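In case you want the letters, here they are:
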Amino acid sequence: MITKAKALKIRSLAMESAVAMDDVNASTVPEMFPKLKYDGALVSAGTRINWNGQLKKAAADLWDTEENNPDSAPALWEDLNYVNGYRIIPEVISVALAFSKGDRGVWKGVVWESTQDSNIWNPEQFAAGWKRIA
């Protein structure tokens, strides 16, 4: 049986190791990241937080205050390009961000798989370029 103190230590170590995760893996476990405390502490640029079950990344150094949260000051925060381990399919896809055949992404909460290489269209723009997965 694990004691409460041991469980807290394991959680602390897990949360510390989450900082080293790439965005793909981090997007699958937003619960591993801290929430804002509104304690006035410094939040360094690049810090990821759990904001209502979704990860946000600080775009600049900021203070942990209600005025600086992602809803009140969206310009201070960046969305990750991944949700649950899948890349978010953007509204406009540049050639540099094109999806390859077999790549999966999330569009409006649904997982899609690209049916072609160099796919620069989202599922609404060119449905034949995508297969709905879930």
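All values reported here derive from a predicted model rather than from experimental measurement.

### Looking at the layout of surface pockets
By volume, the largest pocket is sized at about 150 Å³. For the lining of the largest pocket, the secondary structure elements donating two or more residues are strand 3 (54-58) and strand 6 (82-83). Across the lining of the largest pocket, the residue classes tally to 6 nonpolar, 4 polar and 1 charged.

### What about the sheet that holds strand 10 (residues 130-132)?
With mixed pairing, the 5 strands of this open sheet are ordered in space as 6-7-8-9-10. Two strands close off the open sheet at either side, each with one partner strand: strand 6 and strand 10.

### Description of the pattern of salt bridges
As enumerated under the stated definition, the model contains 6 salt bridges in all. Its salt-bridge partner being Glu113, residue Lys131 comes within 3.9 Å of it at the nearest N-O pair. Taken together, the positions of Lys131 in strand 10 and Glu113 in strand 9 (residues 110-114) put the pair 18 residues apart, joining distant regions of the chain. When salt bridges that share partners are traced, they join Asp23, Arg48 and Lys57 into one network.

### A word on the pairing of strand 8 (residues 104-107)
Examined bridge by bridge, strand 7 (residues 86-88) and strand 8 share 2 bridges and lie parallel to one another. Paired with Arg87 across the bridge in strand 8 is Gly105. The pairing of strand 8 with strand 9 spans 4 bridges and is antiparallel. For Val106, the partnering residue across the bridge sits in strand 9 and is Val111. In sequence, strand 8 turns back onto strand 9 through a hairpin of 2 residues, with Lys108 there showing a positive phi of about 50 degrees.

### Things to note about the packing of aromatic side chains
Summed over all chains, the structure comprises 2 aromatic pairs. Plain terms: the ring middles of Phe99 and Trp130 are 5.2 Å apart, the flat faces sit at 70 degrees to each other, and that makes the pair edge-to-face. Within this pair, whereas Phe99 is found in the loop between strand 7 and strand 8, its partner Trp130 is found in strand 10, the two being separated by 31 residues in sequence. An identical accessibility class is assigned to Phe99 and Trp130; each is buried. Above the ring of Phe99, the side-chain terminus of Arg87 is found at 3.6 Å from the ring centroid.

Rules of the game
Residues numbered from 1 in each chain as written. Predicted model: local features only at pLDDT ≥ 70, side-chain atom pairs only at ≥ 80, totals over all residues. Heavy atoms only, no water. 1 Å grid on protein atoms, 1.4 Å probe; cavity = no way out; pocket = protein on both sides within 12 Å on 5 of 7 lines; lining within 4 Å. Points joined across faces, edges and corners; volume = space filled by probe spheres on them. Helix = DSSP H or I, 4+ residues; strand = E, 2+ residues; numbered from the N terminus. Nonpolar A, V, L, I, M, F, W, Y, C, P; charged D, E, K, R; others polar. Pairing = 2+ DSSP bridges. Salt bridge = Lys/Arg side-chain N within 4 Å of Asp/Glu carboxyl O. Phe/Tyr/Trp six-rings, centres within 6.5 Å; stacked < 30°, edge-to-face > 60°. Buried < 20%, exposed > 50% of the residue type's maximum accessible area, 1.4 Å probe, protein only. Lys NZ or Arg CZ within 6 Å of the ring centre and 35° of its normal.

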